[in-house]
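Secondary and tertiary structure notes
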Amino acid sequence: MENFALEISNLRKVYSGGTEALKGISLKVKEGDFYALLGPNGAGKSSTIGIIGTLVTKTSGTVKIFNYDIDQNVSIAKSILGVVSQEINFSQFEKVIDIVTTQAGFYGITKSLAKPKVEMMLKRLGLWDKRNDQARTLSGGYKRRLMIAKALIHEPKLLILDEPTAGVDIELRREMWDFLKEINNNGTTIILTTHYLEEAEQLCRNIGIIDHGEIVVDTSMKDLLRRLDVQGFVLDLEEPLTKAPKIEGFELRLEDSLTLVTAVSKDSSINNLFSELNNIGINVKSMRNESNRLEELFIEMVKK
Amino acid sequence: MNDITNKTILITLWTLTSKEIRRFMRIWVQTLVPPAVTMSLYFVIFGSLIGPRIGEMDGFDYVQFMIPGLIMMSVITNSYANVVSSFYGVKFQKSIEELLISPMPHWVILLGFILGGVSRGVLVGIIVYCVSLIFYPEFEIANLALTLLVLVLTAILFSLMGFINAVFADSFDDISVIPTFVLTPLIYLGGVFYSINILPELWRQVSMANPMLYVVNTFREGMLGISDVSISFSLTMISIFIFIFTSLSLYLLHKGIGIRE
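Residues numbered from 1 in each chain as written. Chains lettered and ligands numbered in written order. Predicted model: local features only at pLDDT ≥ 70, side-chain atom pairs only at ≥ 80, totals over all residues.

Regarding the interface of chain A and chain B
Across the contact, 25 residues belong to chain A and 23 residues belong to chain B. At the level of elements, α2 (74-79) and α3 (96-106) of chain A are the ones that each hand at least two residues to the side of chain A that touches chain B. Of the residues assigned to the side of chain A that touches chain B, the class counts are 8 nonpolar, 15 polar and 2 charged. (Contact = placed C-beta atoms within 7 Å. Helix = DSSP H or I, 4+ residues; strand = E, 2+ residues; numbered from the N terminus. Nonpolar A, V, L, I, M, F, W, Y, C, P; charged D, E, K, R; others polar.)

Encoded structure:
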């Protein structure tokens, strides 16, 4: 029998103003999975995460974390859950080390037991040198790291990250990806929401797309990417052109005199395109994807 | 796996309480010094300068009569202010999420904030008492047990009221309205500076409807051995209000009013 880190059944949320944020969604995330939950703004991602973390009161439905119902076994369910919220949610006037130590205490970890854990976590996240700084003095990237340190200090079995790399520079984002991959490899189930679709593609094995309070896709990342019919390529040319060449089976568009853009269906081979271009004396200097593949699919899915 | 253990609950409670104490100790210039300075001014002006012209109040020197009232005034305002500002602060900074996501039961969250408020209230009460000894060194407490009991019960009661205020507060204005327009007038008219026996009958009866009168006078009974009201009635009423406000606070936390969407 498969073990699920998260099981959501018929989850519904109607806010006091009458907005139905979740229309009875059901979702299962396997133990050990790295799951992406995507959706446009206002789709219901944060409501879902809020309900799992008991920050939002659900209207109906059930949520189980490692088989513990958040209504019936709330303390146990919470003790194995870690949440990195979208917004900064620590006291800005406390020291970094105190914030993480206090967080450990909220999970019943004594100060003496927490001390080595906090040291290890702060070192792992590059915060050790800033341990005595007031949190408000940290840069945006370090504040994000602190949020992750806080969420992981009690070693949760399920970690939920709500847009953890929003506003973080590329270098730090890559560092965070490595860190998240590492803790996932060590057994922590991770659910991630993000607007950076490349992030989801890089990290996650399975994916759910939520739109207007409903799950419109729940599948593996590989399966989703297989559904993509066409890929866009940008070709940088060695010599300038005045108009786009006409080649049978390919639609070519000249973006500027040195850049050709084309869409290649999955039935066609890009080698044919290169041969044809070569035959008419056009040499390609370099090539890149026109845009993120997942981004195209995402837009297609939420348009339906 | 067993449900949350008593040891875990104790650790979480201690963590929150010590965080609350650390908070007001870190800003001691804003929390502990002002009552000492303000009360020193009261003792200088009303005690040493005007007091001798007033003469005795209920058989005591005026400064001596004022001491319990001024201590109570400090305890009430500081225990209330501590919880209302701290709990509204965690709501405003969203760090309340740390508490709500954690496995701490609601009653532990409430108790942690109340113990923080009680600690500040009691500490300020002790500071003001020490200041009063500068101006009236011969002061002796008549009934230490009753004094301590009323001190703690009052701090609990007003911490609970501060908590409820913070739950409903949506802005910083909301946390200053009740202390400014309700608590302060009731305290000043609640027998801090005078005995209600000196009032005309009508105003004496009106004063009997002021809950502060019972708190101040019960504390005065403990410190000086005199009171304008029945001590058993006052203690019963304080206990009933603590019960009502505790139940209401737990209900608000359970329903998530003001803290959950």
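As for helix α1 (residues 45-52) of chain A
Residues and elements named next belong to chain A. The buried fraction of α1 amounts to 8 of the 8 residues, a majority that puts the element mostly inside the structure. Buried residues of α1: Lys45, Ser46, Ser47, Thr48, Ile49, Gly50, Ile51 and Ile52, and no others. Downstream of α1 by one or two residues, Thr54 has phi in the positive range, about 60°. (Buried ≥ 20, exposed ≤ 12 C-beta atoms within 10 Å, placed from the backbone.)

Remarks on the domain arrangement of chain A
For chain A, the assigned domains are domain 1 (4-226) and domain 2 (231-303). Its C-alpha centre places domain 1 of chain A at a distance of 39 Å from the equivalent point of domain 2 of chain A. (Domains from an automatic or database assignment.)

Considering the environment of Ile52 of chain A
Residues and elements named next belong to chain A. Looking at the element boundaries, Ile52 is found in helix α1. C-alpha of Ile52 to C-alpha of Leu6: the two residues are 46 residues apart in sequence and 9.0 Å apart in space. Look past the residues within four positions of Ile52 in its chain and what remains in contact with it is Val63 and Ile160.

Regarding helix α4 (residues 111-124) of chain A
Residues and elements named next belong to chain A. Here α4 is 14 residues long and its end C-alpha atoms lie 19 Å apart, about the 20 Å a rise of 1.5 Å per residue gives. Looking only at α4, the buried set comprises Ala114, Val118, Met121 and Leu122. On its buried face, α4 is in contact with α3 and α5 (140-152). Just past α4, the residue Gly126 takes up positive phi, approximately 70°. (Expected span 1.5 Å × (residues − 1).)

Section: the packing of helix α7 (residues 106-135) of chain B against helix α12 (residues 231-255) of chain B
Residues and elements named next belong to chain B. In the contact formed by α7 and α12, the axes pass within 9 Å of each other and the chain directions differ by 125°. Taken as axis vectors, α7 and α12 run oblique relative to one another. At the point where α7 passes α12, the crossing takes the right-handed sense. Contacts between α7 and α12 pair His106, Trp107, Ile109 and Leu110 from the former with Ser249, Leu250, Leu253 and His254 from the latter. When its residues are assigned to classes, the contact of α7 with α12 shows 5 nonpolar, 3 polar and no charged. (Axes fitted to C-alpha atoms, helices over the stretch in contact; angles between N-to-C directions. Parallel < 35°, antiparallel > 145°, perpendicular 65-115°, else oblique. Left-handed = near helix turned anticlockwise from the far one by under 90°.)

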